[in-house]
Amino acid sequence: MTMQEDHKDCFVLEGKMALPNQYFAGRLGSRFLIAIRDRKKIMGLKCNQCGKTFVPPREYCEKCWTKIADNWVELGTEGELVNFTVVRYGDRHLPKKPPYILGQIRLDGADTPLVHIVEGIDPREVESGIRVKAVFAAKTTNTIMDIDHFEPV
Amino acid sequence: MTEYFGTTVADIFATMPKRFKPEEAKEVDIAIGYEATGEGGGKWKATIKHGTLKVETVDGDLTGCKTTIHTDAETFVGVTLGKIGALDALSSQKLRVAGDPKFLMLLLPKIFTPYAAPEKKPVSVTARDIITTIAERFRPEKAEGVAMTIGYDLTGEGGGRWTIVIRDGKCAVRGGLADPLTVKMTMEAKTYAGMMLGTIEAVTAFTSGQVKIEGDMAAAGATAKFFRKYVVPGATEAEELISLRVTNAIEQRFATGPVMGHWFAGLREKKFLANRCPKCGRTQIPPREICAWCRVRVHEFVEVGPKGVVTHFDIVYFASPDPLTGAVRDTPYATAYVVFDGSTEREAVTMDLKKEDIPRLKEGARVRPVWAEVTTGSSRDLIGVALDEQEESL
């Protein structure tokens, strides 16, 4: 049996649900962001036991579980692009219009890569291994976007 | 001296003679060396012999000690206060003992009373302390062209009445309440102090009724930016912590379907279109595709109302803030359960009742719908119900 339905009064209501959220950067995350915001410096945490330097900061060494929360070291604002992907789809929550390069940058003095946007080079020409430098944002927002992007040296 | 857990390594050694129990240590003959590394650390030697104790600081190597304890200053204080388990510290190598650790763990609690961190007197700041510094904290650059008098009536301990006058880029505090005032705020002195020190959130204090505002609400909200934050004298500046407040939006689409679509089309014409179950005959309002009792498809629409009768109701006096936004509804408000004329008897619909009618609301009262000025065929067309005066006067 086919259903008989009168669709003449059907309509669609557009809605928007607002969800107020609060995101806490944590004690170490705050220090990391404040150094970028106020001093234009990128700080990492070094494990003296393993010699490994982490960025973004973490409280414990991932290898030996040593507490490294107070062992801040200043990293360079330049580094090597060790890996990348090209973001080709756009959505309103994304920071840039596609296509853009999302890179893993190993800063001078760090052992772990920092993920950030790479600009100033065509996505078709980008290669792992190039040297890039941080460009700090003129207007700060207390987020990782206080580094606006990285660009080739 | 660096503090850990609210005290210092040095204080632990300084209080050692006071905590020593000579009668328990008559048989003891031992020299214990302590090495605490890091900030606030150092080397100490405790010599216990026949009921006597000698504590000394050591500059060079720890010599002549039967047992030595090596740790960092933080762990040392933590273990002494019981904040860090001694066994945990030992097994994680944060605390090393050269000698017999078991012997020490049995001996030390016997010959010393436990160490307690010195109590700190909390800094007590009253509303008076805060308000009298307001002129010093004034930021003329933020109050350009502003002219207002703000009255504070702060009740309870440390309270009083003050008027803050802002005019021509200047700010003055005067005792008592001036007349007229741009805005007057009444609250307990401790609420005011809490808001100024950041332990009470201003919005919450207001929505929960702890702050009473008379006069210009906008002026009350604007005052904060005219002043620098109050800082407790002698307090060390707190570490800045980053916390972002973000309101995320989720886009949604709600499709009415044919049955609810027909209901909304009815509202546009100021009609209540219920539907009637072919099996049990009951009217469903709002209509649904299937009778919820008989589980059969429902096709027939019938117009009910527009007037109806209140079967029962709730009156809400408590303004519970929305946990997400802190917004509160105007209280009291009433929810009336209305059976519209022509509906089957158990089909009551919940409706908001006009606020002015709440005192006269009774079970069995006749009500009429209150429509929006313009009806467009949406859920906003029907504002609620009001008592039907025409029938009331009969």
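Going by the structure above, here's the rest.
Read on for an overview of the structure. (Residues numbered from 1 in each chain as written. Chains lettered and ligands numbered in written order. Predicted model: local features only at pLDDT ≥ 70, side-chain atom pairs only at ≥ 80, totals over all residues. Heavy atoms only, no water.)

## Considering the overall build of chain B
In terms of helices and strands, chain B carries eleven helices and 19 strands. Dimensions of chain B along its principal axes, counting C-alpha atoms only, are 105 × 65 × 40 Å. Taken across its 394 residues, chain B has 37% of its residues classed as buried. Considering only residue pairs separated by 6 or more positions, chain B has 59% of its internal contacts joining residues 24 or more positions apart. Carbon and sulfur atoms form 53% of the exposed surface of chain B, whose accessible area is close to 22900 Å². Mean positive and mean negative side-chain charge positions of chain B (51 and 52 charges, respectively) differ by 1 Å. (Helix = DSSP H or I, 4+ residues; strand = E, 2+ residues; numbered from the N terminus. Buried < 20%, exposed > 50% of the residue type's maximum accessible area, 1.4 Å probe, protein only. Contact = heavy atoms within 4.5 Å. Areas by Shrake-Rupley, 256 points an atom, 1.4 Å probe, with all protein chains shown as cover. Lys, Arg positive; Asp, Glu negative; His and termini not counted. Charge placed at Lys NZ, Arg CZ, Asp CG, Glu CD.)

## Details of the overall build of chain A
Helices and strands together make up the secondary structure of chain A, namely one helix and nine strands. Walking chain A from its N terminus toward its C terminus, one meets helices and strands in the order β-α-β-β-β-β-β-β-β-β. Relative to a compact globule of 153 residues, whose C-alpha radius of gyration would be 15 Å, chain A shows 22 Å and is clearly more extended. Taken along the three principal axes of its C-alpha coordinates, chain A extends 75 × 40 × 35 Å. Looking at chain A as a whole, 33% of its 153 residues qualify as buried. A total accessible area of about 9200 Å² is found for chain A, and carbon and sulfur atoms account for 50% of it. (Rg over C-alpha atoms; globule rule 2.2 N^0.38 Å.)

## Concerning the environment of Asp108 of chain A
Residue and element names in this part refer to chain A. As for its position among the elements, Asp108 is in the loop between β6 (100–107) and β7 (114–118). On the accessibility criterion, Asp108 (32% relative accessible area) is partly exposed. For the pair formed by Asp108 and Gly79, sequence separation is 29 residues and the distance between their alpha carbons is 5.1 Å. Not counting residues up to four positions away in its chain, the partners in contact with Asp108 are Leu75, Gly76, Glu78, Gly79 and Arg131. Separated by 2.8 Å, the side chains of Asp108 and Arg131 make a polar contact. (Polar contact = N/O pair within 3.5 Å; in protein donor to acceptor, adjacent residues only side chain to side chain.)

## Considerations on the interface of chain A and chain B
The interface is formed by 31 residues belonging to chain A together with 29 residues belonging to chain B. Counting across the interface, chain A meets chain B through four salt bridges. Between Glu251 of chain B and Arg92 of chain A there is a salt bridge, with its nearest N and O atoms 3.6 Å apart. For the pair chain A and chain B, the number of links is 15 residue pairs in polar contact (both at pLDDT 80 or more). The element best represented in the side of chain A that touches chain B is strand β1 (residues 12–24) of chain A, accounting for 13 residues. Within the side of chain A that touches chain B, the residues separate by chemical class into 14 nonpolar, eight polar and nine charged. (Salt bridge = Lys/Arg side-chain N within 4 Å of Asp/Glu carboxyl O. Nonpolar A, V, L, I, M, F, W, Y, C, P; charged D, E, K, R; others polar.)

## Brief notes about the sheet that holds strand β9 (residues 183–188) of chain B
All names here are of chain B. Pairing within the open sheet is mixed, and its five strands lie in the order β8-β7-β6-β9-β10. The open sheet has two edge strands with one neighbour each: β8 (170–175) and β10 (212–215). The mean angle between the axes of side-by-side strands here comes to 15°, regardless of whether they run parallel or antiparallel. Direction of pairing for β9 relative to β10: antiparallel, over a ladder of four bridges. For Thr186, the partnering residue across the bridge sits in β10 and is Lys212. On top of the sheet, helix α7 (residues 189–197) reaches β6 (148–155) and β9; it is set at about 105° to β9, its chief contact. (Pairing = 2+ DSSP bridges. Axes fitted to C-alpha atoms, helices over the stretch in contact; angles between N-to-C directions.)

## As for the sheet that holds strand β2 (residues 42–46) of chain A
All names here are of chain A. Taken in spatial order, the three strands line up as β3-β2-β4 in an open sheet, and their pairing is antiparallel. Pairing within the sheet leaves two strands with one partner each, and these edge strands are β3 (53–54) and β4 (72–75). Pairing geometry for β2 and β4, over four bridges, is antiparallel. Bridged to Met43 within β4 is Glu74. Strand contacts of helix α1 (residues 26–39): β2 and β4, with the helix running at about 145° to β2, the strand carrying the most contacts.

## Re the nonpolar core
One finds Tyr152, Leu154, Ile164, Ile166, Tyr192 and Phe226 of chain B to be the most contacted residues of the largest nonpolar core, which totals 32 residues. Those elements that provide at least two residues to this core are α6 (127–131), β6, β7 (160–167), β9, α7 and α9 (217–222) of chain B. Contact partners of Tyr152 of chain B, with chain neighbours within four places excluded, come to Ile131, Gly160, Arg161, Trp162, Ile164, Leu177, Met185, Met187, Tyr192 and Thr223 of chain B. One finds Ala35, Ile36, Ile105 and Leu107 of chain A within the second-largest nonpolar core, a separate group that totals 31 residues. (Core = buried A, V, L, I, M, F, W, Y, C linked by side-chain atoms within 4.5 Å.)

## A few points about α7 of chain B
All names here are of chain B. Inspection of α7 places Ala189, Thr191, Tyr192, Ala193, Gly194 and Met195 among the buried residues, and these make up the whole buried set. Taken together, the buried residues of α7 touch α6, β6, β9 and α8 (202–207). Two residues or fewer past α7, Gly198 is found with a positive phi of approximately 85°.

## Regarding the pairing of β6 of chain A
All names here are of chain A. Where strand β5 (residues 78–87) and β6 come together, eight bridges link them in antiparallel fashion. Looking across to β6, one finds that Leu81 is bridged to Ile105. Of the pairings in the sheet, the one linking β6 to β7 comprises five bridges and is antiparallel in character. Bridge pairing in β7 places Leu102 opposite Ile117. Here β6 hands over to β7 after six residues, with Gly109 in that stretch at a positive phi of 95°.

## Some details on the pattern of salt bridges
One pass over the structure, following the stated rule, counts 29 salt bridges over all chains. A salt bridge links Glu269 of chain B to Arg268 of chain B; its shortest N-O distance comes to 3.9 Å. Taken together, the shared-partner salt bridges in this structure form one network comprising Lys16 and Arg92 of chain A together with Glu251 of chain B.

## Here's the deal with the packing of aromatic side chains
Under the defined criterion, the tally for this structure stands at eleven aromatic pairs over all chains. Measuring from centroid to centroid gives 6.0 Å for Trp263 of chain B and Phe272 of chain B, while their planes differ by 20°, and the two rings are stacked. The burial state of Trp263 of chain B is the same as that of Phe272 of chain B; both residues are buried. An aromatic cluster is present here, built from Phe13, Tyr34, Trp44 and Phe76 of chain B joined pairwise through their rings. Here the basic side chain of Arg58 of chain A rests over the ring of Phe54 of chain A, its NZ or CZ set 5.4 Å away from the ring centre. (Phe/Tyr/Trp six-rings, centres within 6.5 Å; stacked < 30°, edge-to-face > 60°. Lys NZ or Arg CZ within 6 Å of the ring centre and 35° of its normal.)

## A closer look at unusual backbone geometry
Of the consecutive residues Pro98 of chain A and Pro99 of chain A, the connecting peptide bond is found in the cis state with omega at -5°. Locating Pro99 of chain A in the fold gives a position in the loop between β5 and β6. With an omega dihedral of 5°, the bond running from Gly305 of chain B to Pro306 of chain B counts as a cis peptide bond. A positive phi angle, close to 65°, is found at Asn142 of chain A, a residue other than glycine. Note that Asn142 of chain A resides in the loop between β8 (131–136) and β9 (147–152).

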